[in-house]
Amino acid sequence: MELWYIQDYINEYKMGLKVKETIFQGKTRFQEITILDTYLYGRVLLLDGIAQLSEKDEFMYHEMLVHVPMFSHPNPEKVLIIGGGDGGASREVLKHPVKEVTLVDIDEGVIEVCQRYFSQLGRWDDPRLTVLIEDACQYISSTSEVFDVIIMDSTDPLPHGVAEPLFSPEFFEQAFHHLSPQGIMVSQMEPPFFDVDRVKKLWEGFNVFPIVKLYWGLVPTYPGGIWSYVIASKSQDPRRQERVPDFPTRYYSPAIHQAAFVLPSFLEEMLENQKRDEENFS
Ligand code: AG3
């Protein structure tokens, strides 16, 4: 019998992957964790049935989530990762000459399972990395730390879901106050071509930042295959690459950095990016 994993997006879209076998299934206090071995994409991590990464294309997501903000910053020494319990985002951050990386994930279970089944993902033994098992909302409201880059690698902002509070204007405001003067924050967003209104609403939550841009990249595992990221900064133009990679990359490149900010006109208009450009960079 053929086994298929069918990924659903807001009950209006489905995509399927043929499954070899279920490698792991378990429940934590926060969510259900499943790891599947699939024919096309290798191992896939699901949280509450939603695909978070696959072995085949996780580099496309993690490199775009991490290297765009990291290379837009002239000297990122202290980095905060919110979520990211699978280790992929911190692996990419640690390729930069950073001093301290703090990863705050609410669910220890995700870290443990990923350490076991996705050993190529994390660089958990790097002494620059500190892992805190904590609710990021609590962490950000109680810490006195200031970061150069904040990276949100959460699950989807589903109504009433674990990640919903992380996508609130209140959270973005708190994060703003924990960024250094050249600080940059990035968050993964929803698929921009499926639900422009939702992306716009989330994007508007970043209003506390003077500079907010949307960029995009391909991630075949995610619904629609096109994923978006919001990047917000206090003073840096995130389109400007301040440094170039001195390590190999498989998706990110200086040209991709530029291209990722070029949006189709309807999206550009919708987000009024143009207006902000004129205000900030003319
Ligand atoms: N976090 C964002 C995954 C979003 C996927 N959404 C979806 N499939 N509907 C990924 C975590 C990887 N570090």
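Residues numbered from 1 in each chain as written. Predicted model: local features only at pLDDT ≥ 70, side-chain atom pairs only at ≥ 80, totals over all residues. Heavy atoms only, no water.

Engineer: Break down the overall build of the chain for me, citing the residues and quoting the values.
Structural biologist: Each helix and strand in the chain was counted, giving nine helices and 12 strands. Radius of gyration (C-alpha) of the chain: 18 Å, near the 19 Å computed for a compact globule of 282 residues. Taking the principal axes of the C-alpha coordinates as reference, the chain spans close to 60 × 45 × 40 Å. Split into buried and exposed, the 282 residues of the chain put 56% on the buried side. Here the contacts in the chain between residues at least 6 apart in sequence split such that 66% fall between residues at least 24 apart. A total of about 12,300 Å² of accessible surface is found on the chain, and carbon and sulfur atoms cover 51% of it. Here the chain holds 25 positive side-chain charges and 43 negative ones, and the gap between their average locations is 3 Å. (Helix = DSSP H or I, 4+ residues; strand = E, 2+ residues; numbered from the N terminus. Rg over C-alpha atoms; globule rule 2.2 N^0.38 Å. Buried < 20%, exposed > 50% of the residue type's maximum accessible area, 1.4 Å probe, protein only. Contact = heavy atoms within 4.5 Å. Areas by Shrake-Rupley, 256 points an atom, 1.4 Å probe, with all protein chains shown as cover. Lys, Arg positive; Asp, Glu negative; His and termini not counted. Charge placed at Lys NZ, Arg CZ, Asp CG, Glu CD.)

Engineer: Would you mind going over the sheet that holds strand β7 (residues 100–105) in detail, with residue names and values included?
Structural biologist: Pairing within the open sheet is mixed, and its seven strands lie in the order β8-β7-β6-β9-β10-β12-β11. Strands with a single pairing partner mark the edges of an open sheet, and in this sheet they are β8 (129–133) and β11 (211–218). With direction set aside, neighbouring strand axes in the sheet form an average angle of 15°. Bridging between β11 and strand β12 (residues 226–233) involves eight bridges; their strand directions are antiparallel. Bridge pairing links Val212 to Ala232 in β12. Helix-sheet contacts for helix α1 (residues 58–72) involve β6 (78–83), β9 (147–153), β10 (179–188), β11 and β12, and the interaxial angle to β9 is about 160°. (Pairing = 2+ DSSP bridges. Axes fitted to C-alpha atoms, helices over the stretch in contact; angles between N-to-C directions.)

Engineer: Which residues make up the domain arrangement of the chain, and what values go with them?
Structural biologist: Under the domain assignment, the chain is made up of domain 1 (3–54) and domain 2 (58–281). One C-alpha centre belongs to domain 1, the other to domain 2; they are set 23 Å apart. Carbon and sulfur atoms make up 69% of the surface buried where domain 1 meets domain 2, a total of about 2,200 Å² over both sides. Where domain 1 touches domain 2, the interface holds zero salt bridges. Of all the elements in the fold, those that place two or more residues in the side of domain 1 that touches domain 2 are β1 (3–9), β2 (13–27), β3 (32–38), β4 (42–47) and β5 (50–54). Of all the elements, β5 adds the most residues to the side of domain 1 that touches domain 2, at five residues. Here the side of domain 1 that touches domain 2 is composed, by residue class, of 16 nonpolar, five polar and one charged. (Domains from an automatic or database assignment. Buried area = accessible area lost by both parts, 1.4 Å probe. Salt bridge = Lys/Arg side-chain N within 4 Å of Asp/Glu carboxyl O. Nonpolar A, V, L, I, M, F, W, Y, C, P; charged D, E, K, R; others polar.)

Engineer: Which residues make up the sheet that holds β3, and what values go with them?
Structural biologist: Think of a sheet as strands paired side by side through backbone hydrogen bonds, with each pair either parallel or antiparallel. A sheet is described by the order of its strands in space; here five strands give the open sequence β1-β2-β3-β4-β5, paired in antiparallel fashion. Unpaired on one side and paired on the other, β1 and β5 mark the two borders of the sheet. Direction aside, the axes of adjacent strands within the sheet are offset by 50° on average.

Engineer: Break down the pairing of β9 for me, citing the residues and quoting the values.
Structural biologist: The two faces of a sheet get side chains in turn, since along a regular strand they alternate between them. Judged by how many residues are buried, β9 sits mostly within the fold: seven of seven residues are covered. Crossover handedness for the path β9 to helix α5 (residues 169–177) to β10: right-handed. (Right-handed = clockwise from strand over helix to strand, strands pointing away.)

Engineer: Just give me the short version of the environment of Phe24, but keep the residues and values in it.
Structural biologist: For Phe24, the position within the fold is in strand β2. When the C-alpha positions of Phe24 and Ile35 are compared, they lie 4.9 Å apart, and in sequence the two are 11 residues distant. Those residues within four positions of Phe24 in sequence are excluded, and the remaining contacts are Ile33, Thr34, Ile35, Val113, Arg116 and Tyr117.

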